[in-house]
Amino acid sequence: MPNHDQDRSNVSDRPAAIVIGGGIIGCAAALELIKAGFACTVLDQGALMQEASTAAAGMLGAQVETHEPGPFYKLCRHSQELYRPWTEELEELTGITAEYVAEGILRVALDEEDEAQLRSRLSWMRGAQWLSAEQIRAAEPMLAPEVRGGLMLERDHHIMPTALAGALRAALVKLGCRIREWTPAYRLLQHQGRIAGVQTAEGPLYADVTVLAAGAWAPVLTEPLGLKLPVFPVKGQCISLRPEAPLNRSTLFAKSCYIVPKRDGTALIGATQLEVGFDKRTDAEAVAKLYRKACALLPAMRDAAFVRTWAGLRPGSRDGLPFIGTWPEAPGLIFAAGHYRNGILLAPGTGLLVKQLALGEQPALDLTAFAPGRAAGAAGVSG
Ligand code: FAD
Ligand code: GLY
């Protein structure tokens, strides 16, 4: 750790880590770093887990969100396998449940083209099963007659992001993580060719390892280093309705709408997808659109009570892949950003990879496809 005099408040005999961003990715990384022996500080410009990570639907959709085999599918499956033990460990530590629901996702087809596309996944997707119109209605009797069949994805479960947020915060506090809310990282500090921490309003904070987990805001911090990280906000709006009794057991997922039956009896319906900058306002048109789409899948949803609407900013990336790894131009900095539509699913896997990179270990997966420098044509470390 650099021997600066300005602020030695985060000095200890343990190696120090700073995580920029207290969303699910930053919290998952911090958790692993603390368990690995780092003295860890999480900085957030607002409050912990108040951006995309609690706007999410909470689907662990490794299968439903993947369209081809390859590194992204491997990453998703890896994190999906870690999920249940991860939430159990958090619950054991804190007594707070993430409201894990072990029911699968039914990816329904409404037209011939969609059906053909979905059926083509059967050749490479393990554990997926095609259900005919008859079989699908036996599984989900309230489905609209227009549904012509679908893929049953038994492994794609879901959690409640707001519940998981409580568990993560409590776990970090219990394990001794320093949490600094309302403390933006203004810029990354460099010392002798390495990233040595961050500048905050309260002064510099130094660390051996700095983790960039700033979601849709990540490029603001990499740009001064000469790296234009192609991460940008993609707004998603959801609604929550409360039917008198649950209308579906599996999550129903169509081309532009999903209905997740939550443990509390509400149906979470998502989501719009718009590139409108850092605008999180909700609008009635989106509410109406989502409501109509949900009723087209489950006609009885018409009688459900409206609960609320909200929006969040997915950290989008042009190729749909996250940025996980290091960049040769900035040793000491670990990237964990751009998780787009799947940051909830990818949290435990990313946390583990960050820890492995911080310790200089071989990452559990080949990270070439996720290299931070890939868009700039620079080689990122694949580990
Ligand atoms: P965020 O949660 O946005 O956290 C980033 C944090 O960094 C913020 O708290 C921010 O304040 C902080 N920050 C930024 N800049 C700074 C700075 N300079 N200094 C300090 N702090 C800073 N994913 C799934 O897996 N399953 C789903 O079902 C799902 N559904 C979704 C539905 C919707 C409507 C939306 C919007 C997203 C959904 N997602 C889903 C995607 C998922 O929410 C995101 O991929 C994930 O939350 C990204 O986590 P993050 O920690 O990178 O970002
Ligand atoms: N993964 C669901 C969404 O981003 O809307």
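One can find the structure itself at the top, above this paragraph.
Predicted model only: the values in this text are computed from it and were never measured.

### Points about the pairing of strand β9 (residues 203-206)
The pairing of strand β8 (residues 194-200) with β9 spans four bridges and is classified as antiparallel. Within the sheet, the bridge partner assigned to Gly-197 lies in β9 and is Tyr-206. Taking the residues between adjacent antiparallel strands as the criterion, β8 and β9 are bridged by two residues.

### Structural notes on the site of ligand 1
Around ligand 1, the surrounding shell holds 39 residues, and the nearest of these are Asp-44, Ser-53, Met-59, Tyr-340 and Leu-345. Separating an oxygen atom of ligand 1 from a backbone N or O atom of Ile-25 is a distance of 3.2 Å. With respect to ligand 1, the backbone of Arg-341 contributes an N or O atom lying 2.9 Å from a nitrogen atom. Isolated, ligand 1 exposes 1000 Å² of accessible area, and the fraction of that covered by the protein chains is 98%. Where the shell around ligand 1 is concerned, the elements lending two or more residues are α1 (24-35), α2 (52-55), β11 (231-242), β15 (305-317) and α9 (343-358). Its residues assigned to classes, the shell around ligand 1 shows 22 nonpolar, 13 polar and four charged.

### Side note on the packing of aromatic side chains
Taken as a whole and assessed by the stated rule, the structure comprises four aromatic pairs. Between the aromatic rings of Tyr-83 and Trp-86, the centroid separation amounts to 5.3 Å while the plane-to-plane angle is 80°, which identifies the pairing as edge-to-face. With Tyr-83 and Trp-86 both in helix α3 (residues 71-94) and three residues apart, this pair spans about one turn of that helix. Trp-86 shares its class with Tyr-83; the two are buried. Between the aromatic rings of Trp-217 and Phe-278, the centroid separation amounts to 5.4 Å while the plane-to-plane angle is 35°, which identifies the pairing as tilted. Separated by 61 residues along the polypeptide, Trp-217 in the loop between β10 (209-212) and α7 (218-222) and Phe-278 in the loop between β14 (267-270) and α8 (284-297) bring together distant segments of the chain.

### Description of the layout of surface pockets
In this structure, the second largest pocket encloses a volume near 330 Å³. Forming the walls of the second largest pocket are 18 residues, and the residues nearest its centre are Glu-65, His-67, Phe-72, Asp-319 and Gly-320. Grouping the constituent residues of the lining of the second largest pocket by class yields eight nonpolar, six polar and four charged.

### Considerations on the nonpolar core
The biggest cluster of nonpolar side chains holds 52 residues, and the ones touching the most others in it are Ile-24, Leu-33, Tyr-83, Trp-86, Leu-164, Leu-168 and Val-211. Among the elements of the structure, β1 (16-20), α1, β2 (39-43), α3, α6 (161-174), β10, β17 (333-337) and α9 are those that each provide at least two residues to this core. It is α1 that provides the largest number of residues to this core, a total of nine residues.

### Section: the side chain of Lys-235
Here Lys-235 shows up in strand β11. The buried charged residue Lys-235 lacks any salt bridge partner; its closest oppositely charged side chain belongs to Asp-279, at an N-O distance of 4.1 Å. In this structure, Lys-235 is in contact with Thr-272, Gln-273, Leu-274, Val-276, Asp-279, Lys-280, Arg-281, Ala-311, Gly-312, Leu-313 and Arg-314, ignoring residues within four places of it in sequence.

### Thoughts on the sheet that holds β2
One open sheet holds the six strands; their spatial order is β6-β2-β1-β10-β17-β16, and the pairing between them is mixed. In this open sheet, the two edge strands, each paired with only one partner strand, are β6 (178-180) and β16 (323-325). Ignoring strand direction, the axes of neighbouring strands in this sheet form an average angle of 20°. As defined by bridge partners, β10 adjoins β17 across three bridges and the pair is classed as parallel. Its bridge partner lying in β17, Leu-212 is registered against Phe-335. Running at roughly 170° to β17, α9 makes contact with β10, β16 and β17 of the sheet.

### Looking at empty space enclosed by the protein
Once rolled over the atoms, a probe with the size of a water molecule shows which space is left empty. For the coordinates displayed, the defined rule picks out one cavity of 30 Å³ or more. Estimates place the volume of the largest cavity at around 40 Å³. If you go around the largest cavity, the residues you meet are Thr-54, Ala-56, Met-160, Pro-161, Thr-162, Leu-268, Arg-308 and Trp-310. Contributions of two or more residues to the lining of the largest cavity are made by α6 and β15. Class assignment of the residues belonging to the lining of the largest cavity gives a composition of five nonpolar, two polar and one charged.

### Considering α8
Between its first and last C-alpha atoms α8 spans 20 Å; for 14 residues at 1.5 Å apiece the expected length is 20 Å, and the two agree. Where α8 is concerned, the buried positions are Ala-286, Val-287, Leu-290, Ala-294, Cys-295 and Leu-297. Viewed end-on, α8 has its buried residues packed into an arc of 165°, placing them on one side of the element. Across α8 from its buried face, at more than 90 degrees, point the exposed residues Ala-284, Glu-285 and Arg-292. Where α8 is buried, its residues touch β3 (105-109), β11, β12 (251-254), β13 (257-261), β14 and β15.

### Re the environment of Gln-199
Looking at where Gln-199 falls in the secondary structure, it is placed in strand β8. Put simply, Gln-199 and Leu-33 are 166 residues apart on the chain and 21 Å apart in space, counted from C-alpha to C-alpha. Once you skip the residues sitting within four places of it in the chain, Gln-199 turns out to touch Pro-184, Ala-185, Tyr-186, Arg-187, Leu-189 and Pro-204.

Conventions used here
- Residues numbered from 1 in each chain as written.
- Chains lettered and ligands numbered in written order.
- Predicted model: local features only at pLDDT ≥ 70, side-chain atom pairs only at ≥ 80, totals over all residues.
- Heavy atoms only, no water.
- Pairing = 2+ DSSP bridges.
- Helix = DSSP H or I, 4+ residues; strand = E, 2+ residues; numbered from the N terminus.
- Near = heavy atom within 4 Å.
- Polar contact = N/O pair within 3.5 Å; in protein donor to acceptor, adjacent residues only side chain to side chain.
- Areas by Shrake-Rupley, 256 points an atom, 1.4 Å probe, with all protein chains shown as cover.
- Nonpolar A, V, L, I, M, F, W, Y, C, P; charged D, E, K, R; others polar.
- Phe/Tyr/Trp six-rings, centres within 6.5 Å; stacked < 30°, edge-to-face > 60°.
- Buried < 20%, exposed > 50% of the residue type's maximum accessible area, 1.4 Å probe, protein only.
- 1 Å grid on protein atoms, 1.4 Å probe; cavity = no way out; pocket = protein on both sides within 12 Å on 5 of 7 lines; lining within 4 Å.
- Points joined across faces, edges and corners; volume = space filled by probe spheres on them.
- Core = buried A, V, L, I, M, F, W, Y, C linked by side-chain atoms within 4.5 Å.
- Lys, Arg positive; Asp, Glu negative; His and termini not counted.
- Salt bridge = Lys/Arg side-chain N within 4 Å of Asp/Glu carboxyl O.
- Contact = heavy atoms within 4.5 Å.
- Axes fitted to C-alpha atoms, helices over the stretch in contact; angles between N-to-C directions.
- Expected span 1.5 Å × (residues − 1).
- Arc of directions from axis to C-beta.

The values reported here are purely geometric and, on their own, carry no functional implication.
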